[in-house]
Amino acid sequence: MDAVYKAILARRDIRVFLPDKLPDDVVERILRAGHHGPSVGYMQPWDFIVIDDKETLRALQAVVERERVRAGEAYPDAKRDYYLRLKVEGLVEAPLTICVTNDGTRGGPHVLGRNTIPETDLMSTACAIQNMWLAARAEGVGMGWVSIYEKADVREILGIPADVDPAALLTLGYTPHFPDIPLLERVGWGTRRDFAKVVYANRWGTQRRN
Ligand SMILES: Cc1cc2nc3c(=O)[nH]c(=O)nc-3n(C[C@H](O)[C@H](O)[C@H](O)COP(=O)(O)O)c2cc1C
């Protein structure tokens, strides 16, 4: 039990990677952790594209960089722009990137339990990704989630069919350091919300404990 909670608390979104190649068995275990995630109606909407080809990584980096610049324009603050840039560089620095895709058509039109909340497909894929994040942390491997891209760009570079969504680009590699607190907290971007204020009793807004 301690090991699970330890991995949950020590998991971090990692931006700084060492160039060392990840052993195949480690990558395999992280992928299998993803594939053992829960999914609505057991639809398993995910696939994993493991990318170590530098040319492909550079192509991905270029489209992410373009969106980073666009996003950075919303932040005149140079420091914030700098942190966004760090993550983009992770795409070529990290020895491996995994694109996790989400196929909302898998399992046919009537997936058990997906009638009223269609986005449960993407929720399932997110569960797979979290499994990978925790497994990576337990393996001592850093993982970063990159979502600053146009889906069409990533589809084209990786040859993903039109009805399949690239849900995430995950950069993976060894890191010199797992920070204790999220980077965005350390640089004053935000803080973890007060636990007592996010837990309600019986009804929205009724604080559970005083
Ligand atoms: C759905 C999702 C998308 C994210 N996209 C990005 C991203 O594009 N760039 C980035 O730097 N971090 C991204 N992150 C990482 C978050 O910034 C990070 O999880 C958050 O700041 C908390 O830090 P921690 O993961 O170290 O606890 C993403 C996280 C999630 C869950």
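Residues numbered from 1 in each chain as written. Predicted model: local features only at pLDDT ≥ 70, side-chain atom pairs only at ≥ 80, totals over all residues. Heavy atoms only, no water.

Per an unreviewed UniProt entry, the recorded name for the protein chain is 5,6-dimethylbenzimidazole synthase, and the organism is Alicyclobacillus acidoterrestris.

Draft legend 1. How the structure looks around the overall build of the protein chain. Helix and strand counts for the protein chain stand at eight helices and four strands. When the helices and strands of the protein chain are placed in sequence order, the string is α-α-β-α-α-β-α-β-α-β-α-α. The globule rule puts the C-alpha radius of gyration for 210 residues at 17 Å, and the 18 Å found for the protein chain is close to it. Of all 210 residues assigned to the protein chain, the portion counted as buried reaches 39%. Nonlocal contacts in the protein chain, meaning residues at least 24 apart in sequence, comprise 79% of its contacts between residues at least 6 apart. Surface exposure of the protein chain reaches about 12500 Å², of which carbon and sulfur atoms provide 54%. When the 28 basic and 29 acidic side-chain charges of the protein chain are each reduced to a single mean position, those positions are 8 Å apart. (Helix = DSSP H or I, 4+ residues; strand = E, 2+ residues; numbered from the N terminus. Rg over C-alpha atoms; globule rule 2.2 N^0.38 Å. Buried < 20%, exposed > 50% of the residue type's maximum accessible area, 1.4 Å probe, protein only. Contact = heavy atoms within 4.5 Å. Areas by Shrake-Rupley, 256 points an atom, 1.4 Å probe, with all protein chains shown as cover. Lys, Arg positive; Asp, Glu negative; His and termini not counted. Charge placed at Lys NZ, Arg CZ, Asp CG, Glu CD.)

Draft legend 2. Molecular detail of the side chain of Glu-67. Here Glu-67 is to be found in helix α3 (residues 54-72). Relative accessible area serves as the criterion here: at 8%, Glu-67 is assigned to the buried category. Leaving out residues up to four positions away in the same chain, Glu-67 has contacts with Ile-148, Tyr-149 and Glu-150.

Draft legend 3. Looking closely at the packing of α3 against helix α6 (residues 151-158). For the pair α3 and α6, interaxial distance at closest approach is 10 Å and the crossing angle is 170°. Here α3 lies roughly antiparallel to α6, going by the angle between them. Residue-level contacts link Thr-56, Ala-59, Leu-60, Val-63 and Arg-66 of α3 to Asp-153, Val-154, Ile-157 and Leu-158 of α6. (Axes fitted to C-alpha atoms, helices over the stretch in contact; angles between N-to-C directions. Parallel < 35°, antiparallel > 145°, perpendicular 65-115°, else oblique.)

Draft legend 4. Geometry of the sheet that holds strand β1 (residues 46-51). Spatial strand order, β1-β2-β4-β3: four strands in an open sheet with antiparallel pairing. Each edge of the sheet is formed by a strand with only one pairing partner; in this case those strands are β1 and β3 (142-146). When the angles between neighbouring strand axes are averaged without regard to direction, this sheet yields 25°. Bridging between strand β2 (residues 96-103) and strand β4 (residues 164-173) involves eight bridges; their strand directions are antiparallel. Bridging across to β4, Asn-102 finds its partner in Asp-165. Strands β1, β2, β3 and β4 of the sheet are contacted by helix α5 (residues 120-138), whose axis makes an angle of about 155° with β2. Sheet strands in contact with α6 are β1, β2 and β4, and its direction is about 75° off that of β4. (Pairing = 2+ DSSP bridges.)

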